[in-house]
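Overview (structure and organization)
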Amino acid sequence: MSKKRKTYSPAEKAKIVLEVLREESSLNEIATTMESVHSSLAEGKLSLLYSLYVLY
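To start, this report covers the structure provided alongside it. What you see is a predicted model, and the numbers here were worked out from it, not measured in a lab.

This part is about the overall build of the chain. For the chain, the count of helices and strands is three helices and zero strands. Taking all 56 residues of the chain together, the buried fraction comes to 12%. Within the chain, contacts between residues at least 6 apart in sequence are counted, and of these 43% link residues at least 24 apart. Accessible surface for the chain amounts to roughly 5,000 Å². Of this, 56% is attributable to carbon and sulfur atoms. Averaging the coordinates of the 8 positive side-chain charges in the chain and doing the same for the 7 negative ones gives two points 8 Å apart.

Take a look at the structure:
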């Protein structure tokens, strides 16, 4: 039996990336808590930081 991927709404994704940016926990701890993949969180963080760079 295959495991179904968890999908997140844009609001949930933003909340998770903001938690990553706060750096109160490691990426691995957050990934475990959110049942996500470490690389997805890192990619989201880089994407947000790049967007902010372009904005300003």
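Let us look at unusual backbone geometry. Of note, the phi angle at Glu 23 is positive, near 55 degrees, even though the residue is not glycine. Along the chain, Glu 23 turns up in the loop between helix H1 (10-22) and helix H2 (27-34). Among the residues examined, Glu 23 registers a relative accessible area of 54% and is labelled exposed.

In this section: the packing of H1 against helix H3 (residues 38-55). The interhelical angle for the contact between H1 and H3, taken along N-to-C directions, is 85 degrees, at an axis separation of 9 Å. With respect to each other, H1 and H3 are oriented roughly perpendicular. For the pair formed by H1 and H3, the contact residues are Ile 16, Val 17, Val 20 and Leu 21 on the first element and Leu 41, Gly 44, Lys 45, Leu 48 and Leu 49 on the second.

With that settled, consider the packing of H1 against H2. Where H1 contacts H2, the axes come no closer than 10 Å and their chain directions differ by 155 degrees. In terms of their interaxial angle, H1 and H2 are classed as roughly antiparallel. The hand of the H1/H2 crossing is right-handed. Here H1 contributes Ile 16, Glu 19 and Val 20 to the contact with H2, which in turn contributes Leu 27, Ile 30 and Met 34. Looking at side-chain class alone, the contact of H1 with H2 contains five nonpolar, no polar and one charged residues.

Procedures and definitions
Here the residue numbers are simple positions, counted from 1 along each chain's written sequence. pLDDT decides what is reported in this predicted model: residues at 70 or higher carry local features, side-chain atom pairs at 80 or more are listed and counted, and totals for whole chains, interfaces and linings draw on all residues regardless. Processing note: side-chain calculations cover all non-hydrogen atoms of the structure and skip hydrogens and water entirely. Under the scheme used here, helices are H or I runs from DSSP no shorter than 4 residues and strands are E runs no shorter than 2 residues, and both carry numbers assigned from the N terminus. Partly exposed residues are those whose accessible area sits between 20% and 50% of the maximum for their type, while under 20% is buried and over 50% is exposed, using a 1.4 Å probe and protein chains only. Here, residues are in contact when the closest pair of their heavy atoms is within 4.5 Å. Only the protein chains shown count as cover for residues, and the accessible areas themselves come from Shrake-Rupley with a 1.4 Å probe. Working convention for charge: Lys and Arg count positive, Asp and Glu count negative, and His plus the chain ends are omitted. The atoms used to mark charge sites are NZ of Lys, CZ of Arg, CG of Asp and CD of Glu. All axes are obtained by fitting lines to C-alpha atoms, using only the stretch in contact for helices, and the reported angles, taken between N-to-C directions, cover 0 to 180 degrees. Roughly parallel means an angle under 35 degrees; roughly antiparallel, over 145; roughly perpendicular, 65 to 115; everything else is oblique. The hand of a helix crossing depends on one turn: near helix anticlockwise from the far one by less than a right angle means left-handed, and clockwise means right-handed. Residues are grouped as follows: Ala, Val, Leu, Ile, Met, Phe, Trp, Tyr, Cys and Pro are nonpolar; Asp, Glu, Lys and Arg are charged; all remaining types, including Gly, are polar.

Just distances and angles here, no functional claims.
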